[in-house]
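Single-letter residue listing:
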Amino acid sequence: MKFSPLGSSGLSVSRICLGTMTWGTQNNQSDADEQIQYALSEGINFLDTAEMYSVPPTEESYGKTETIIGNWIERNPGRRQEFILATKIAGPGLPYVRNASPITGKTIVEAIDASLARLKTDYIDLYQLHWPNRTSPHFAKHHPNQINFSQVDGTKESEGMLDILIALDKCIKEGKIRHFGLSDDTPWGVNEFVRLSEIHNLAKPVSIQNEFSLLHAKDWPYLIENCIHQDVAYLPWSPLATGSLTGKYVGGARPEGSRWSFAQRHGLFRDTELAEQAVIAYLEVAKKHGISPATLALAWCDQVDGVTSTIIGATSLAQLKENIAAFKEPLPDAVMLDVMAVYKQYPMPF
């Protein structure tokens, strides 16, 4: 297993991060136990979850994944130090989570205490803001004029960020969390948190996790360049584009139990005609070179300059084994050339 620095944290994380969002809906406790055991045996030392999980998010599924992980930790207390545990506070908009309220210093403390209780651990290694209080250009809102940046009160947003930073810094000093990171944010969000942390001598963000894949590489180059020079780890989530890059949804297929067979909070916005054409083209590249589509997509993501650790998830142990194996060898130059030829045809298919 290869490892990379987690930004400025001083921690070293495996190039693969085990994502857990299906645990509690598509996967049960036994499945999760099996995945954790296998991941650790393969040298993975990085595990990511969130208070909002499992997905699709509902009031009934809220907190289930953290509880499942906590059950494993409670039964294996001697293994807690073997991995970096990351979780997230939900942003505004979910009525069953703190009445859909924005993230504040007060809710940070409440959410951390609740996550610690569910996870049955004394500390969280990486605590992340799942999405910012302001609307950010993610989840199909990245095309011009879908959101209006000029109508956002930057001063008010900065004041809210400082309130959050003070609470996070306090929780770090108390030992509840070790570091904090961002998610579904932008270069301005990263830089404002860094600026405020420097001015007020508070903890700075050490990471950001955003959606990133062959179908959705909008963070390259600007946000990723920014992360490199701010010493903020870049953690891609959904490198298989919610499974579509495996080809399992081609032609409108909806395999039983697959993610697209469940209702989605943001709808199936990734399911476009252009995205399907791109997937079919990537399937042909994988076939030409005798590798699986999942291996193609995951190995490509791992080879993007600036990527620290790629978050993978699986609903079966067989899938997990295939996904982990994808990181063992880099893609040859000939494969990369064919991949980029397709990418240039479909740079933003959804």
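Attention here is on the structure that accompanies the text. Predicted, not measured: the structure shown is a model, and the values here were computed from it.

1. Focus: the packing of helix α3 (residues 105–119) against helix α4 (residues 154–173)
Packing of α3 against α4 brings their axes to within 7 Å, and their N-to-C directions diverge by 35°. Considering the relative orientation of α3 and α4, their crossing is right-handed. Each of Gly-105, Ile-108, Val-109 and Ile-112 in α3 lies in contact with α4, whose residues at this interface are Asp-163, Ile-164, Ala-167, Leu-168 and Cys-171. Across the contact of α3 with α4, the residue classes break down as 7 nonpolar, 1 polar and 1 charged.

2. Regarding helix α7 (residues 273–289)
Taking 1.5 Å per residue as the helical rise, α7 with its 17 residues ought to reach 24 Å, and the 25 Å between its terminal C-alpha atoms agrees with that figure. All of the buried residues along α7 are Ala-275, Ala-278, Val-279, Ala-281, Tyr-282, Val-285 and Ala-286. For α7, the angular spread of buried residues about the axis comes to 165°, placing them on one side. Exposed side of α7, more than 90 degrees from the buried face: Glu-273, Lys-287 and Lys-288 are the residues found there.

3. Things to note about the packing of aromatic side chains
In this structure the tally under the stated criterion is 8 aromatic pairs. With a centroid separation of 5.7 Å and an interplanar angle of 90°, the aromatic rings of Phe-212 and Tyr-234 are classed as edge-to-face. Separated by 22 residues along the polypeptide, Phe-212 in the loop between β8 (207–211) and α6 (222–230) and Tyr-234 in strand β9 (residues 233–237) bring together distant segments of the chain. Phe-212 gets classed as buried once you look at its relative accessible area, which sits at 1%. Assessed through its relative accessible area of 0%, Tyr-234 is described here as buried. Summarising the aromatic geometry, the rings of Tyr-249 and Trp-260 are spaced 4.0 Å apart at their centres and angled 5° between planes, so their arrangement reads as stacked. Of the two residues, Tyr-249 is situated in the loop between β9 and α7 and Trp-260 in the loop between β9 and α7; the sequence distance between them amounts to 11 residues. Pair check on accessibility: Tyr-249 and Trp-260 agree, each one buried. Pairwise contacts between aromatic rings join Phe-212, Tyr-234 and Trp-300 into one cluster. For Arg-80, the ring lying beneath its charged end belongs to Phe-83, and the centroid distance is 5.2 Å. Its end group placed over the ring of Tyr-123, Arg-80 keeps NZ or CZ at 4.2 Å from the ring centre.

4. Structural notes on the side chain of Lys-88
Mapped onto the elements of the fold, Lys-88 is located in strand β5 (residues 84–89). Residue class for Lys-88 comes out buried when judged on its relative accessible area of 0%. Within the structure, the side chain of Lys-88 is placed 2.8 Å from the side chain of Asp-48, a separation counted as a polar contact. Ignoring anything within four residues of it in the chain, the contact list for Lys-88 reads Asp-48, Thr-49, Ala-50, Glu-51, Tyr-53, Tyr-127, Gln-128, His-130 and Gln-209.

Conventions adopted
Residues numbered from 1 in each chain as written. Predicted model: local features only at pLDDT ≥ 70, side-chain atom pairs only at ≥ 80, totals over all residues. Heavy atoms only, no water. Axes fitted to C-alpha atoms, helices over the stretch in contact; angles between N-to-C directions. Helix = DSSP H or I, 4+ residues; strand = E, 2+ residues; numbered from the N terminus. Left-handed = near helix turned anticlockwise from the far one by under 90°. Contact = heavy atoms within 4.5 Å. Nonpolar A, V, L, I, M, F, W, Y, C, P; charged D, E, K, R; others polar. Expected span 1.5 Å × (residues − 1). Buried < 20%, exposed > 50% of the residue type's maximum accessible area, 1.4 Å probe, protein only. Arc of directions from axis to C-beta. Phe/Tyr/Trp six-rings, centres within 6.5 Å; stacked < 30°, edge-to-face > 60°. Lys NZ or Arg CZ within 6 Å of the ring centre and 35° of its normal. Polar contact = N/O pair within 3.5 Å; in protein donor to acceptor, adjacent residues only side chain to side chain.

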